[in-house]
Amino acid sequence: MEKIDVVIVGGGLSGLSCAYKLAEKDMQVIVVERGDFPGSKNVTGGRLYLEPIKSIVGDMLDDAPFERKVVREKWSLLGEDNSINIDFTSEKLRQSNHSYTVLRAHFDRWLSEKLMEKGVFVIPKYRVDDLLWEGDSIVGVKAGEEEIYANVVVASDGVLSFMAEKAGLKQKMKPKNYAVGIKEVIELSEEKINDRFNVEASEGCSHLFIGDVTKGMFGGGFLYTNKETVSLGLVIGIKALMEKAPAIEAHALMNAFRERYEIGRMIEGGSLVEYSAHIIPEAGYNGISKLYGNGIIVAGDAAGFALNMGVTVRGMEFAIASGIIAAETAIKAKEVDDYSEKTLALYENKLREMFVLKDLYTCKDMPGFLDNDSFFSFYPNSFPDLVEKIMWFGEEPKGRLGKSLWNEIKSNGLLSFKRLKELYSIKNI
Amino acid sequence: MRVDEKLTIDAFKVDRESHIKINQDICRNKCKNKYCLSICPGHLYTFNQDNNEIVVEFAGCLECGTCKVACTDGAIEWVYPKGEFGVQYRYG
C-alpha cells in the first residue's frame, strides 16, 4: 500500500497548524474532519494569546479573522445579589497584540481555506472510526470504507480523543479531570458592544465571573466580546455538578447566569444566535496523555493541553504550538526514516523546552489549589457583603469606618486561621 | 428562554441512527444517581416512568461529551455522530 507522510485526525487548531507547517516543507498530508467544515464542531470561550506562539507561527496567522483585541480584563466576584468588579486596562495591552477573541467556526474555517490554497487536502464530513495497525505500530486510519495509510498519524481529535484512546495513550476519563462549558453567542451591534464594554472599535474585553454563578461549585462564568456578538458562558466542574445535592440542572445554571442584573444590562436587546457546549480538560499537567507512540502523535486538547490558571484559561495557543511541534517531529522522522516512538519522543522533548509543557508543569498544583470552596463561595460572598456594609448609609449614625471594617473582617472569618493559611499557601502554586 | 427553544436556534443534521446507546440494565440495576438527567447542557435525557427507561433525544446533542464522562457506571455508550451528521456550529 502507498503511504502518505502524515494523516491528521481533526481539523481544529492543532491539526490545521500541523498541516500548515507540513505543507511548508512539501510533506504529503491529509486532514480528515468530521464536521461540514473545520470549526463546525469546535467551541471556545474564548481568546487566543499570541505572544507565546509568535516566534513559531511564521505567516500562518497573517490576516487571521480575529474578532477583537482584548484591551480590558475584568473579573467579578458574584454574591447572591451583589457583586464587585476589577476592571483592568493598560497602554501595554492597547499597543501590543497580546490576545484576541475568536469564534472557531470562522477562525478554523479560514485557516483550512488557507491550507487548501497551499494544496493540502482537507476532507470534511468524514468521521475517523479506527486506527490501522501493523504489529505494534500505527500505520493509518480508517474512515467509513476508506483507509488512509500514513507514516505518522496526528491525533488532534479534541478533548474526547477516541484516537488517543484506541492507541492506548489516554488516561481513563474521570469526572474530576473535566469541566463542562456551556455558551451562548448573543448578537449585538458593533456600536453597542463598543459603548457597553467601554472599548474602541476592534478592541474588546474579557470578563470572568466567580461565585454565585456556579452556586459555589468549581468553575465560573465568562464573557468575551466579539465583533458583533458576545460569547457568554459558564464552566462547571463535572465532579462538582455530580456531587451537588440537591442536583442542579446545568442548563438552568446557564439561564440563571444570563438573567442576573449584571449580565442583563450587558446583553439587553441582543438575540441568541447559538447555544453550544463542550467539555474542557481541567487536570492540567497531571491529566495529559502519553504524547506519542509508534506512528502516532497526540496534539491539542486530545493530549489534554489546557490550562486553568484561575485568573484566565488557556488552550488554543497550546493547540497551535503542539500542532507545529508535531509537524517538526514528523519532518525529522522522515529525514531519519524512522517513525517509531524512539524518534517521535522528540515531540515531547521539544514541548518540554517551551511554554506548552513548562507552563503546564509550573501550574501542576493549580487544579488541587483551585478545588476549594473558598474561591467559589466564601470570597465571592464575603467581599461584596463587606462593601455593601461600608457603602450603606442608613437611618442610624454611621460608626467609625476603620473599626466597622475591622469588626466585619474579624466576624466573617476573612482573618481566620484557615484563610490565612490559604493566603500563605499561594506561594506554592 | 427554555433550553429546548435555545436548541432550535442551532443547526443540526440528524442521522436516523442514534450515536448514543443506553444500556437500560445498568440504569435500572446499578445506577443510583441518574446524573445524565441533570448534567446534560441540552437537557436531552429524561426518565420514562412507564417503561422504567432513560430516554435521550439524540437529535439535539451538542456533542460536548459531559454525559459520557459523568456516566461512571458505564451505561452510556457515546460516539461521535457519523461524518456529516450532528450539530454544525456556525459561530463556535
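Keep in mind that what you see is a predicted model, and the values were worked out from it rather than measured.

The rules behind each value
- Along each chain, residue indices are assigned from 1 in the same order as the chain's sequence is written.
- Chain A is the first chain written and ligand 1 is the first ligand written, with later ones labelled in order.
- In view of the model being predicted, local features appear only for residues whose pLDDT reaches at least 70, and side-chain atom pairs are presented and counted only at 80 or more, with totals across whole chains, interfaces and linings using the full set of residues.
- Each helix is a run of H or I in the DSSP string that is no shorter than four residues. Each strand is a run of E no shorter than two, and both are numbered from the N terminus.
- Using C-alpha atoms as the atom set, the radius of gyration is obtained and then compared with a globule rule of 2.2 Å times the number of residues to the power 0.38.
- Put plainly, a residue is buried at 20 or more neighbouring C-beta atoms within 10 Å of its own, exposed at 12 or fewer, and partly exposed in between, counting only other residues' C-beta atoms, which are placed from the backbone.
- Contact between residues is assigned whenever the C-beta positions, reconstructed from backbone atoms, fall within 7 Å.
- Ten residues, namely Ala, Val, Leu, Ile, Met, Phe, Trp, Tyr, Cys and Pro, are considered nonpolar, four, namely Asp, Glu, Lys and Arg, are considered charged, and the remaining ones, Gly among them, are considered polar.
- For this entry, the nonpolar core is defined as buried Ala, Val, Leu, Ile, Met, Phe, Trp, Tyr and Cys residues connected by C-beta atoms within 7 Å.
- pLDDT expresses how confident the predictor is about each individual residue, on a scale running from 0 to 100.
- A strand pair is defined by DSSP finding two or more bridges across the two strands.
- Axis lines are fitted through C-alpha atoms, for helices just across the contact stretch, and the angle between N-to-C directions can take any value from 0 to 180 degrees.
- Two helices that cross are described as forming a left-handed crossing if the nearer one is turned anticlockwise from the farther one by less than a right angle, and a right-handed crossing if clockwise.

Side note on the overall build of chain A
Turning to step 1, where the next piece is worked out: A count of helices and strands for chain A gives 15 helices and 19 strands.
Turning to step 2, where the next piece is worked out: Taking 22 Å as the expected radius of gyration for a compact globule of 429 residues, we find that chain A reaches 23 Å, a close match to that expectation.
Turning to step 3, where the next piece is worked out: When the backbone C-alpha atoms are referred to their principal axes, chain A occupies close to 90 × 45 × 40 Å.
Turning to step 4, where the next piece is worked out: Within the span of chain A, comprising 429 residues, buried residues form 49% of the whole.
Turning to step 5, where the next piece is worked out: For chain A, contacts bridging at least 24 residues in sequence account for 72% of all contacts bridging at least 6.

Points about the interface of chain B and chain A
Turning to step 1, where the next piece is worked out: Contact residues are listed per partner, giving 30 residues for chain B and 40 residues for chain A.
Turning to step 2, where the next piece is worked out: In terms of residue count, the dominant contributor to the side of chain B that touches chain A is helix α1 (residues 3-9) of chain B (four residues).
Turning to step 3, where the next piece is worked out: Looking at side-chain class alone, the side of chain B that touches chain A contains 15 nonpolar, nine polar and six charged residues.

Overview of the nonpolar core
Soluble globular proteins tend to bury their nonpolar side chains together.
All names here are of chain A.
Turning to step 1, where the next piece is worked out: Val 153, Val 154, Ala 155, Ile 236, Ile 297 and Val 298 are the most contacted members of the largest nonpolar core, which totals 140 residues.
Turning to step 2, where the next piece is worked out: Here this core takes eleven residues from helix α9 (residues 316-336), the largest share from any one element.
Turning to step 3, where the next piece is worked out: Residues in contact with Val 298, not counting those within four places in the same chain, are Ala 155, Ser 161, Ala 164, Leu 169, Ser 289, Leu 291, Tyr 292 and Ala 303.

Re the confidence of the model for chain B
Turning to step 1, where the next piece is worked out: With 100% of its residues at a pLDDT of 70 or more, chain B shows a mean pLDDT of 97.
Turning to step 2, where the next piece is worked out: Note on the complex model: pTM 0.96, ipTM 0.98.

Comments concerning the pairing of strand β12 (residues 203-211) of chain A
Residues and elements named next belong to chain A.
Turning to step 1, where the next piece is worked out: In terms of burial, β12 is a largely internal element, seven of the nine residues being buried.
Turning to step 2, where the next piece is worked out: The pairing of strand β4 (residues 69-78) with β12 spans nine bridges and is parallel. For Lys 74, the partnering residue across the bridge sits in β12 and is His 207.

Focus on the packing of α9(A) against helix α10 (residues 341-353) of chain A
Residues and elements named next belong to chain A.
Turning to step 1, where the next piece is worked out: Closest axis-to-axis distance for the α9/α10 pair is 9 Å, and the angle between their directions is 145°. Of the two elements, α9 crosses α10, and the hand of that crossing is right-handed. Along its contact with α9, which presents Ser 322, Ile 325, Ala 326, Glu 328, Thr 329, Lys 332, Ala 333 and Val 336, the element α10 presents Thr 343, Leu 344, Leu 346, Tyr 347, Lys 350 and Leu 351.
Turning to step 2, where the next piece is worked out: Partitioned by chemical class, the residues of the contact of α9 with α10 number eight nonpolar, three polar and three charged.

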